[in-house]
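Residues per chain are reported as follows:
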Amino acid sequence: MTTDNNILDRQSVLSRTFSALKWFLALTVVADHFLRPIDVDTPSLTFHTHTYPLFPEIYFFIVSFLKNYAVPVFFFMSGYLLYTSTPFSTKNYLPMLRKRIRRLGIPFLIWSIFGFITASLFAAILILYLDADLSVFPFHDGNSLNTPLLIRSLFGIRAFPDTNVPLWYMRDLILILCLIPLLRSAIRHIDWRIFTTALILIFILLFDDSDGWRFEVAALFFSTGYFLRLHNIDFIDVFKRVFPFSAALYIILGSTHFYLVYNELNPLAASVVKNINICNGVPFFIYLFYLLVERGWVKGSAWFASASFFIYVTHYPLQRILYHTVIATFKPADGSPSGTVMILLSYVILVGGITALYALLHKFFPKFISLTSGGR
């Protein structure tokens, strides 16, 4: 493995590639969650954002070319970054597991509670000022709080962490870390081609974006990254060879998916096409950003990697407030081009505002950032 591909060197091309790619992929996650056509209710009118010019096309482009590509790459990087140079044993594994669960578990709970509090405050505003009924309050069941549902959501049990959906990645990462001994055994005793092919087929056939329990994502992409690091394989060299094909396939499959979903044709075929392209997206995005960093067109840094995590865990509870506030304040009429412009500008404001907040917290409250990011 070349010096440029030494992941332990923070200044290596590979390390900076991971940092730059995390930032970009975090922005795609925000775009996926924020740039969705929805109906926005106000005291006097309901605004139908799907009528804003080009906004549905932007949404379907994101669905086909950006949505669900980020977390598989995150899992791949997490698997590859897992330290494996010391001989594997229970004595070495358990302290590592405790440390990583603590680094993931504490931020998971903090940001899950943050999501619930933010959603509750927004619901209170809707109830007090817009005469909404109590059903807008998260986990409200009849006349009381549905405590079991709240607990299931806060811990991501059997479903999404509803008030902060992106946290499912951290939940499943904790779970697969607990299964490392089983994973190592499978990698060592099953032919890797059979093992990987089985996981790919399971992912392509079973992955459903609406399903809050999606362990097949972690199983495939984390284990692939882990396998490459375990055997000290220079995957950049492998991705370089397939890059022309993966780039062409990304465009072809993305365009096919866009055509199918935009015209509401064959949902099963659209799902299969998209899942194949998600698998293809890992080598495509990683080597694309490796080229950009290597040629100096993009710079990656540990700061941006940490900021990307902060964006990832904070944007979901905040986005709905901003989206509704902008539409309710400026009231762009149905079919108005200004509606499209306002939503796109709001996306920029959301990302910029969260990044600025991270910069301030990183400078003045570094211990808080360390606690809420697991030391990233």
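Heads up: the structure comes first, above all this text.
Note that the structure is a prediction, hence the values are computed from the model and not measured.

Once that is clear, we can look at helix α6 (residues 168-178). In terms of burial, α6 is largely enclosed, as 9 of its 11 residues are buried. Buried residues of α6: Trp168, Tyr169, Met170, Arg171, Asp172, Leu173, Ile174, Ile176 and Leu177, and no others.

Further remarks concern the side chain of Thr17. Mapping Thr17 onto the fold places it in helix α1 (residues 13-34). Discounting chain neighbours no more than four positions away, the residues touching Thr17 are Ile286, Phe289, Tyr290 and Val293.

Its volume calculated, the second largest pocket comes out at about 560 Å³. Contributing to the lining of the second largest pocket are 22 residues, with Trp192, Thr196, Thr224, Leu228 and Phe239 lying nearest its centre. If you list the elements that add at least two residues to the lining of the second largest pocket, you get α8 (192-206), α9 (215-230), α10 (235-262) and α11 (267-294). By residue class, the composition of the lining of the second largest pocket is 17 nonpolar, 4 polar and 1 charged.

It is worth spelling out helix α3 (residues 70-81) at this point. Each α-helix turn comprises 3.6 residues. Residues three or four places apart therefore point the same way. Its 12 residues give α3 an end-to-end C-alpha distance of 16 Å, which sits within 8% of 16 Å, the value for a rise of 1.5 Å per residue. Buried residues dominate α3, accounting for 11 of its 12 residues. Listed in full, the buried residues belonging to α3 are Ala70, Val71, Pro72, Val73, Phe74, Phe75, Phe76, Met77, Ser78, Gly79 and Tyr80.

What follows concerns a positive patch on the surface. A contiguous patch of positive charge, built from Arg98, Lys99, Arg102 and Arg103, is present on the exposed surface. The exposure class assigned to Arg98 is exposed, which follows from its relative accessible area of 52%.

Moving on: the nonpolar core. Grouped together as the largest cluster of nonpolar side chains are 99 residues, with contacts concentrated most on Phe75, Phe203, Phe221, Phe222, Phe235 and Ile286. Those residues in contact with Phe235, other than ones at most four positions away along the chain, are Leu14, Phe18, Phe76, Tyr80, Leu228 and Ile286.

So, on to the pattern of salt bridges. A side chain with one charge can pair with a side chain of the opposite charge if their charged atoms come near. Tallied over the full model, the rule gives 7 salt bridges. Asp32 is the partner of Arg36 in a salt bridge, and the nearest nitrogen-oxygen pair spans 3.1 Å. Taking relative accessible area as the criterion, Asp32 reaches 7% and is therefore assigned buried. For Asp32, the salt bridge identified is with Lys67, shortest N-O distance 3.1 Å. Of this pair, Asp32 sits in helix α1 while Lys67 sits in the loop between α2 (55-65) and α3, and the two are 35 residues apart along the sequence.

Where nonpolar side chains cluster on the molecular surface, the patch consists of Leu109, Ile113, Ile117, Leu121, Ile151, Phe155 and Ile157 and spans about 620 Å² of accessible area. The element best represented in the nonpolar patch is helix α4 (residues 90-130), accounting for 4 residues. Structurally, the position occupied by Ile113 is in helix α4. By relative accessible area, which is 42% here, Ile113 ends up partly exposed.

So, on to unusual backbone geometry. In this model, Asn68 sits at a positive phi of 75°, which is unusual for a non-glycine residue. A relative accessible area of 18% places Asn68 in the buried class. In this structure, Lys331 is a non-glycine residue whose phi angle is positive, near 50°. Looking at where Lys331 falls in the secondary structure, it is placed in the loop between α12 (302-330) and α13 (337-364).

We now examine empty space enclosed by the protein. For the structure on display, the rule yields 1 cavity of 30 Å³ or more. By volume, the largest cavity amounts to about 30 Å³. The wall of the largest cavity is formed by Trp111, Ser306, Phe309, Phe310, Val313, Tyr358, Ile369, Thr372 and Ser373. Looking at the lining of the largest cavity, the elements that each hand over two or more residues are α12 and α14 (366-373). No other element matches the 4 residues that α12 contributes to the lining of the largest cavity.

Our next topic: the packing of aromatic side chains. Two aromatic rings, taken as a pair, are described by how far apart their centres are and by the angle between their planes. Taken as a whole and judged by the stated rule, the model has 38 aromatic pairs. Seen in terms of ring centroids, Trp213 and Phe215 are 6.4 Å apart; in terms of plane orientation they differ by 15°. Their pairing is stacked. The class for Trp213 is partly exposed, based on a relative accessible area of 37%. An aromatic cluster of three or more residues is present, and its members are Phe24, Phe61, Phe65, Tyr69, Phe243, Tyr250, Phe284, Phe285, Tyr287, Phe289 and Tyr290. For the cation-ring pair, Arg214 lies above Trp168, with the distance from its terminal atom to the ring centre recorded as 4.7 Å. Here the basic side chain of Arg229 rests over the ring of Tyr80, its NZ or CZ set 5.6 Å away from the ring centre.

Thresholds, definitions, all that
- Residues numbered from 1 in each chain as written.
- Predicted model: local features only at pLDDT ≥ 70, side-chain atom pairs only at ≥ 80, totals over all residues.
- Heavy atoms only, no water.
- Buried < 20%, exposed > 50% of the residue type's maximum accessible area, 1.4 Å probe, protein only.
- Helix = DSSP H or I, 4+ residues; strand = E, 2+ residues; numbered from the N terminus.
- Contact = heavy atoms within 4.5 Å.
- 1 Å grid on protein atoms, 1.4 Å probe; cavity = no way out; pocket = protein on both sides within 12 Å on 5 of 7 lines; lining within 4 Å.
- Points joined across faces, edges and corners; volume = space filled by probe spheres on them.
- Nonpolar A, V, L, I, M, F, W, Y, C, P; charged D, E, K, R; others polar.
- Expected span 1.5 Å × (residues − 1).
- Patch = residues over 30% accessible without salt bridge, like charges linked within 9 Å, V, L, I, M, F, W, Y side chains within 5 Å.
- Areas by Shrake-Rupley, 256 points an atom, 1.4 Å probe, with all protein chains shown as cover.
- Salt bridge = Lys/Arg side-chain N within 4 Å of Asp/Glu carboxyl O.
- Lys, Arg positive; Asp, Glu negative; His and termini not counted.
- Charge placed at Lys NZ, Arg CZ, Asp CG, Glu CD.
- Core = buried A, V, L, I, M, F, W, Y, C linked by side-chain atoms within 4.5 Å.
- Phe/Tyr/Trp six-rings, centres within 6.5 Å; stacked < 30°, edge-to-face > 60°.
- Lys NZ or Arg CZ within 6 Å of the ring centre and 35° of its normal.

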